[in-house]
Amino acid sequence: MKRIFYAAAALVASALNSIAHAEIDARAIAFNCRNCHAESSLDAKSSIPSLKNLSAQQIRQALLDFKYDKNPATLMPRLAKAYSDAELAAVAEFLSRN
Amino acid sequence: MAGLSRRRFLQGVAGLGAGVLSGCGGLPLRSGAKAHVVVVGGGFGGATAAKYLRLLDANIQVTLIEPKAKYVTCPGSNWLFAGLANLDQLTVDYQSLQDSYGVKLLVDRVSSLGAAQRLLRLVGGQSVTYDRLIMSPGIDFRWDAMAGYDQAAAEQFPHAWQAGPQTLLLARQLQAMPDGGVVLMVVPADPYRCPPGPYERASMMAYWLKQHKPRSKILILDAKRSFSKQALFEAGWAKHYGYGTANSLIEWHSLADNPLLELDKQNRMLTSEFGDSFRGDVLNIIPPQTAAQIALQQGLTDSTAWCPVRPLTGQSLFDEFIHVIGDSAHYAPIPKSAFAANSEAKACALAVTSLINQTPIAEAHWLNTCYSLITPEHGISVAGVYELDSANAIAPVKGAGGVSARTDGEAAAMEADYTRAVYRSLIADTFG
Ligand SMILES: Cc1cc2nc3c(=O)[nH]c(=O)nc-3n(C[C@H](O)[C@H](O)[C@H](O)COP(=O)(O)OP(=O)(O)OC[C@H]3O[C@@H](n4cnc5c(N)ncnc54)[C@H](O)[C@@H]3O)c2cc1C
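Residues numbered from 1 in each chain as written. Chains lettered and ligands numbered in written order. Predicted model: local features only at pLDDT ≥ 70, side-chain atom pairs only at ≥ 80, totals over all residues. Heavy atoms only, no water.

(A) Quick look at the pairing of strand β13 (residues 250-254) of chain B. Residue and element names in this part refer to chain B. Two elements, strand β12 (residues 217-222) and β13, share 5 bridges in a ladder whose sense is parallel. Note on β13: the bridge partner recorded for Asp-222 is Ser-254. Regarding topology, helix α6 (residues 230-241) serves as the crossover connection from β12 to the parallel β13, and that connection is right-handed. (Pairing = 2+ DSSP bridges. Helix = DSSP H or I, 4+ residues; strand = E, 2+ residues; numbered from the N terminus. Right-handed = clockwise from strand over helix to strand, strands pointing away.)

Listed below in structure tokens is the structure:
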């Protein structure tokens, strides 16, 4: 009985894992975007653009442009260079949904 | 560990998890909650961890324990010296964490951690049990580093390294100083809270002195040979404050080989090992630092007086159920900053939810961005992106990060603007 319970729990856990896995890295990176890109409506006058209402494609393109120095900026080129294109795409996808 | 946490997990599934001792006035575990995570310290690390835990998994009960009902942010506190902010504008509370995220707040101070029973005792008499504990209690000071400078002396010669009354006291002393007076700023060796903080403070003081007491001088007496964003600060000081000339408002001296040993309170004088003495009208002595008292007392620190952790999860090397983040913990080469504490908290919250839910732990990504104002219109920045290297140690990602690349007026003005915008965002992300 006990063994069956363990096995069932392990199965459930591994099913959850495979679902969660694809987006896990994106969360770990994307959460850090919120330190600067706050989504608070109180700060509508902020010079740092909100990421709300941007599509995954728009965010992804912006990140790649920063990474490959096609869009000069003070900070983002220094950050975007830390991530692979695939990571940036995953981050864009996550941010467009959250 | 896997066995233990699996058992706890199954208990949670079966609804048997009990987070809190009954009969001690402890908190009951909310029905349906699968685990109780207690966060100690409502600063940048603790508040972020509490909020993101609830965001990640609403079935985890989160209790935040913090003795102060309101928290004054150190970031922005240097702006006081330039007359750009007051303490009220830098004060936040925990209302939103409670109302919007369902974090339970206990306004109290933790007096001990009973690691064996996973039981916290609070100064107010209550006790609270936890499934996992996240500690972010900040810093304390080494009062034995300089003869004559102790806690009592700090009331007269403020460090102002924890924002609040000390910051106000120092600002008032600066305002009361005669024109032509000398501010002595004593800066410790690494590691300490906010590596660029002293130089930003000197800049903000110089900005105010330039307008009100232009014959004055700020003497920075540094235990280091070099400092964070040094080239950017020095270029800014040269541009605005005559740095490098006889009339400079700011002078920087490395005393790496000639440490300051003694404070003569009566004469407001500091004496170094070689017998050099420095007299000031205002003394801002920033002592060397350690992890907060509670971490030291409860055996979470090593010989460095900071808390060693496994970086991926933030777990203490001494107790796998206790995670330490923020300034108390040893996350070097990530600097001790609010931005970093926020980032460490998010990585830790992800790891803690994974441990509780028995899912794989995500690769950790940390970020630090730190802006400093040299004048209200001249900002500079440094950024660092960090990951685990093949030896599981924290390492900066090669080819990324670094200091402001452009230093022309337009970029400096943009970075000054971002300094303020990032402050507001960081507060919103942490406390909002
Ligand atoms: C002058 C100055 C300027 C700065 N500027 C910046 C900046 O521009 N950007 C930046 O990123 N960083 C800046 N920092 C650094 C930043 O303030 C710290 O790195 C940050 O506050 C660390 O967060 P923390 O959670 O580790 O500790 P803290 O924010 O200090 O929070 C610790 C909390 O724990 C509580 N606590 C302690 N002991 C107990 C106990 N026993 N029980 C319960 N609660 C307890 C305390 O009351 C406190 O609220 C600056 C620092 C200074 C001094």
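On we go.
(B) Structural detail: the packing of aromatic side chains. Residue and element names in this part refer to chain B. Evaluation of the coordinates by the stated rule reveals 17 aromatic pairs over all chains. Here the aromatic rings of Phe-227 and Phe-233 are separated by 6.3 Å at their centres, their planes lie at 50°, and the arrangement is tilted. Residue class for Phe-227 comes out buried when judged on its relative accessible area of 8%. Of the aromatic side chains, those joined through ring pairs into one cluster are Tyr-199, Phe-227, Phe-233, Trp-237, Tyr-243 and Trp-252. (Phe/Tyr/Trp six-rings, centres within 6.5 Å; stacked < 30°, edge-to-face > 60°. Buried < 20%, exposed > 50% of the residue type's maximum accessible area, 1.4 Å probe, protein only.)

(C) View of the interface of chain A and chain B. Contact residues are listed per partner, giving 31 residues for chain A and 44 residues for chain B. Taking both sides of the interface into account, the surface hidden between chain A and chain B amounts to around 3,300 Å²; carbon and sulfur atoms contribute 63%. When residues of chain A are sorted by the area they lose upon contact with chain B, Asn35(A), Thr74(A) and Arg78(A) head the list and together hold 21% of the total. Here chain A is connected to chain B by 1 salt bridge. Between Glu415(B) and Arg78(A) there is a salt bridge whose closest N-O contact spans 3.3 Å. (Contact = heavy atoms within 4.5 Å. Buried area = accessible area lost by both parts, 1.4 Å probe. Salt bridge = Lys/Arg side-chain N within 4 Å of Asp/Glu carboxyl O.)

(D) Representation of the site of the ligand in the model. All names here are of chain B. Near the ligand lie 33 residues; those nearest to it are Glu-66, Tyr-71, Ser-136, Arg-193 and Asp-327. Asp-327 places a main-chain nitrogen or oxygen 2.8 Å from an oxygen atom of the ligand. Burial of the ligand by the protein amounts to 93% of the accessible area it has alone, namely 1,000 Å². Those elements that place two or more of their residues in the shell around the ligand are α2 (44-56) and α8 (338-357). Element by element, the count of residues in the shell around the ligand is highest for α8, at 3 residues. Per-class residue counts for the shell around the ligand are 15 nonpolar, 10 polar and 8 charged. (Near = heavy atom within 4 Å. Polar contact = N/O pair within 3.5 Å; in protein donor to acceptor, adjacent residues only side chain to side chain. Areas by Shrake-Rupley, 256 points an atom, 1.4 Å probe, with all protein chains shown as cover. Nonpolar A, V, L, I, M, F, W, Y, C, P; charged D, E, K, R; others polar.)

(E) Looking closely at the pattern of salt bridges. All names here are of chain B. For the structure shown, the criterion picks out 15 salt bridges over all chains. For Lys-34, the salt bridge goes to Asp-57, with nearest N and O atoms at 2.8 Å. Of the two residues, Lys-34 is situated in the loop between α1 (2-13) and β1 (35-40) and Asp-57 in the loop between α2 and β2 (60-65); the sequence distance between them amounts to 23 residues. Taking the relative accessible area as the measure of exposure, Lys-34 reaches 29% and is therefore partly exposed. Judged by relative accessible area, Asp-57 falls into the buried class, the value being 8%. A salt bridge links Arg-225 to Asp-257; the shortest N-O distance between them is 3.0 Å. Linking Arg-225 in the loop between β12 and α6 with Asp-257 in the loop between β13 and β14 (260-264), this pair joins segments that are 32 residues apart in sequence. Taken individually, Arg-225 and Asp-257 each receive the classification exposed, so the pair is uniform in this respect.

(F) Inspection of the sheet that holds strand β6 (residues 110-114) of chain B at higher detail. All names here are of chain B. Here 3 strands make up an open sheet; going across it, the order is β6-β7-β8 and the pairing antiparallel. Two strands lie at the open edges of the sheet, namely β6 and β8 (127-129), each paired on one side alone. Strand-to-strand, the axes of this sheet are offset by a mean angle of 20°, without reference to chain direction. Of the pairings in the sheet, the one linking strand β7 (residues 119-122) to β8 comprises 3 bridges and is antiparallel in character. Directly across from Arg-121, in β8, lies its bridge partner Ser-127. (Axes fitted to C-alpha atoms, helices over the stretch in contact; angles between N-to-C directions.)

(G) Quick peek at the confidence of the model for chain B. Here chain B averages 93 in pLDDT, and 93% of its residues register 70 or above. Counting interchain partners and residues more than four positions distant, the pLDDT-below-50 stretch residues 1-26 of chain B has 40 contacts. (pLDDT = per-residue confidence, 0-100.)

(H) Quick peek at the packing of α2(B) against helix α9 (residues 409-431) of chain B. Residue and element names in this part refer to chain B. With their axes 7 Å apart at the nearest point, α2 and α9 run at an angle of 55° to one another. Accordingly, the angle class assigned to the pair α2 and α9 is oblique. Together, Phe-44, Ala-47, Thr-48, Lys-51 and Tyr-52 of α2 and Leu-426, Ile-427, Ala-428, Asp-429, Thr-430 and Phe-431 of α9 make up the contact between the two elements. Tallied by class, the residues present in the contact of α2 with α9 amount to 7 nonpolar, 2 polar and 2 charged. (Parallel < 35°, antiparallel > 145°, perpendicular 65-115°, else oblique.)

(I) Summary view of unusual backbone geometry. All names here are of chain B. Asp-190 connects to Pro-191 through a cis peptide bond whose omega is -10°. Mapped onto the elements, Pro-191 comes out in the loop between β11 (182-187) and α5 (197-212). For the bond running from Ala-332 to Pro-333, omega is 10°, close enough to zero to count as cis. In this structure, Pro-333 sits in the loop between β22 (329-330) and α8. Its identity is not glycine, yet Arg-118 carries a phi of approximately 50°, on the positive side. With respect to the secondary-structure elements, Arg-118 resides in the loop between β6 and β7. The exposure class assigned to Arg-118 is buried, which follows from its relative accessible area of 12%.

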